[in-house]
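# An overview of the molecular structure
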Amino acid sequence: MAETLFAPGAAVPAAAVAPAIQTRELAKSYGRITALAGLTMSVPRGEIFGFLGPNGAGKTTAVKLLVGLTRPTSGEASILGAPVGDRLTRRRVGYLPELFRYQDWLSAREVLTLHCELAGIPRSRRSEEIDHALTTVGLAARADDRVGTFSKGMQQRLGLGVAMLGQPDLIFLDEPTSALDPVGRHDVREIIRTLKARGVTVFLNSHLLSEVELVCDRVAVVDHGRVIALGTIPEILGETNLVRMRITDLSPSAEIVFHRFGTVEIQNDWYAVRGMDAERIPDLVAEIVRLGGRVHAVEPRQQTLEDRFLQLLGGTS
Ligand SMILES: Nc1ncnc2c1ncn2[C@@H]1O[C@H](COP(=O)(O)OP(=O)(O)OP(=O)(O)O)[C@@H](O)[C@H]1O
Ligand SMILES: [Mg+2]
């Protein structure tokens, strides 16, 4: 049983409640290149999990390992409670590969039919599945047009349609919006949210911070094959809420007031208070005024994920 690999001696959870994805020290090397270095993580059912990192970070390698397209050099992984590669489990997993290309001469419906066959979806259910996928990805009107006549964005939508055939419980999307315009990106986010509403777990590879920030419950930031941060967006941002205030007439002895709110750095008339919840700004201002200070400016600033991402990648976390 996969679970016993992760918790020897502990009670084995029922497969039904096993995490969607669980990995332990999962690693892959190609010769001297470490594509993925010891990934240990767990993604619970129903979560939208973002795997975020720059080009070459190891995102596609991780997905290929998890869908069983490539074997790990070391480490373990289980999917929906079963070891990677389990045939029955594979049917419950959808996958949108990176840089895929379908045969130009097939129509969208033929591509979907072919994948229904490959996925072993019974004949009786195929037409309903295909219509559902076409409608969800907004291609119903082009169903019988050849893929060769599709724009890149339409091909990407078709790829999403293929990934959701058979109503999988877990879907891997490797850069699903790389060819899409802003409207298309918005549409994909909506599709992902629809999937989540149905209880599907989505593993989303992306180098686009904005995409991950808008749609993911939790994110792993990867670089050079290593996870350098993992958590919800606020967790990754950390205690970085910063409020800058320009204050005059506050006596040095009154500066102790800031300690109740956060840490403070003072430069001339500017006070930078870190680690303070923005909700508490009015209380702090009231205290300062009570102590004789005059408040000229209050500038709340939350670090963006982009700032944090660059900070993490620069190794200055
Ligand atoms: N089949 C392979 N043979 C040799 N090296 C490989 C192979 N696949 C991946 N790599 C190497 O592993 C590293 C991680 O590649 P991977 O494709 O996983 O990155 P990625 O995060 O998906 O990047 P991108 O954002 O560009 O898609 C890179 O250094 C890459 O050159
Ligand atoms: Mg990739």
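For the structure given in this document, a descriptive report is provided here. Since this is a predicted model, take the numbers as computed values, not measurements.

### What to know about helix H4 (residues 108–118)
When H4 is considered as a whole, its buried residues turn out to be Ala108, Arg109, Val111, Leu112, His115 and Cys116. Taken down its axis, H4 places every buried residue within 160° of arc, on the same side. Set apart from the buried face of H4 by more than 90 degrees, the exposed residues are Glu117 and Leu118. At its buried positions, H4 is contacted by helix H5 (123–136) and helix H6 (152–163).

### Comments concerning unusual backbone geometry
At Glu25, a position not held by glycine, the phi torsion is positive, near 50°. Relative to the helices and strands, Glu25 is located in strand E1 (residues 21–30). Even without a glycine there, the phi angle at Leu80 is positive, about 50°. In this fold, Leu80 is placed in the loop between strand E4 (74–79) and strand E5 (82–83). A tally of 23 C-beta atoms within 10 Å means that Leu80 is categorised as buried.

### Notes on the packing of H4 against H6
Running from N to C, H4 and H6 point in directions that differ by 30°, and their axes come no closer than 10 Å. With respect to each other, H4 and H6 are oriented roughly parallel. Crossing geometry of H4 relative to H6 is assigned as right-handed. Residues Ala108, Val111, Leu112 and His115 of H4 pack against Leu158, Gly161 and Val162 of H6.

### Quick look at the sheet that holds E4
One open sheet holds the four strands; their spatial order is E2-E1-E4-E5, and the pairing between them is antiparallel. Of all the strands in the sheet, the pair left with one neighbour each is strand E2 (33–43) and E5. As defined by bridge partners, E1 adjoins E4 across five bridges and the pair is classed as antiparallel. Considered in E4, the bridge of Ile21 is made with Ile79. Of the strands in this sheet, E1, E2 and E4 touch helix H2 (residues 59–66), which is tilted by about 60° from E2.

### A few points about the pairing of strand E10 (residues 226–231)
Pairing between strand E9 (residues 218–223) and E10: five bridges, direction antiparallel. By the bridge assignment, Val222 is partnered in E10 with Val227. Following E9, the chain reverses through two residues before pairing antiparallel with E10; His224 in that reversal takes a positive phi of roughly 45°.

### So, helix H7 (residues 182–197)
Taking 1.5 Å per residue, 16 residues should reach 22 Å; H7 reaches 23 Å between its end C-alpha atoms and fits that length. After H7 finishes, the residue Gly199 shows a positive phi value of roughly 90°.

### Side note on the site of ligand 1
Near ligand 1 you find 13 residues, and of these Tyr30, Ala35, Asn55, Thr60 and Thr61 are the closest. In terms of residue count, the dominant contributor to the shell around ligand 1 is H2 (three residues). Its residues placed into classes, the shell around ligand 1 shows four nonpolar, seven polar and two charged.

### Focus on the environment of Ser178
Take Ser178: it is sitting in the loop between strand E7 (170–174) and H7. By C-beta crowding, Ser178 is classed as partly exposed, having 16 other C-beta atoms within 10 Å. Along the chain, Ser178 and Gln156 lie 22 residues apart, while their C-alpha atoms are 8.4 Å from each other.

Reading the values: rules and limits
- Residues numbered from 1 in each chain as written.
- Chains lettered and ligands numbered in written order.
- Predicted model: local features only at pLDDT ≥ 70, side-chain atom pairs only at ≥ 80, totals over all residues.
- Buried ≥ 20, exposed ≤ 12 C-beta atoms within 10 Å, placed from the backbone.
- Helix = DSSP H or I, 4+ residues; strand = E, 2+ residues; numbered from the N terminus.
- Arc of directions from axis to C-beta.
- Contact = placed C-beta atoms within 7 Å.
- Axes fitted to C-alpha atoms, helices over the stretch in contact; angles between N-to-C directions.
- Parallel < 35°, antiparallel > 145°, perpendicular 65-115°, else oblique.
- Left-handed = near helix turned anticlockwise from the far one by under 90°.
- Pairing = 2+ DSSP bridges.
- Expected span 1.5 Å × (residues − 1).
- Near = placed C-beta within 6 Å.
- Nonpolar A, V, L, I, M, F, W, Y, C, P; charged D, E, K, R; others polar.

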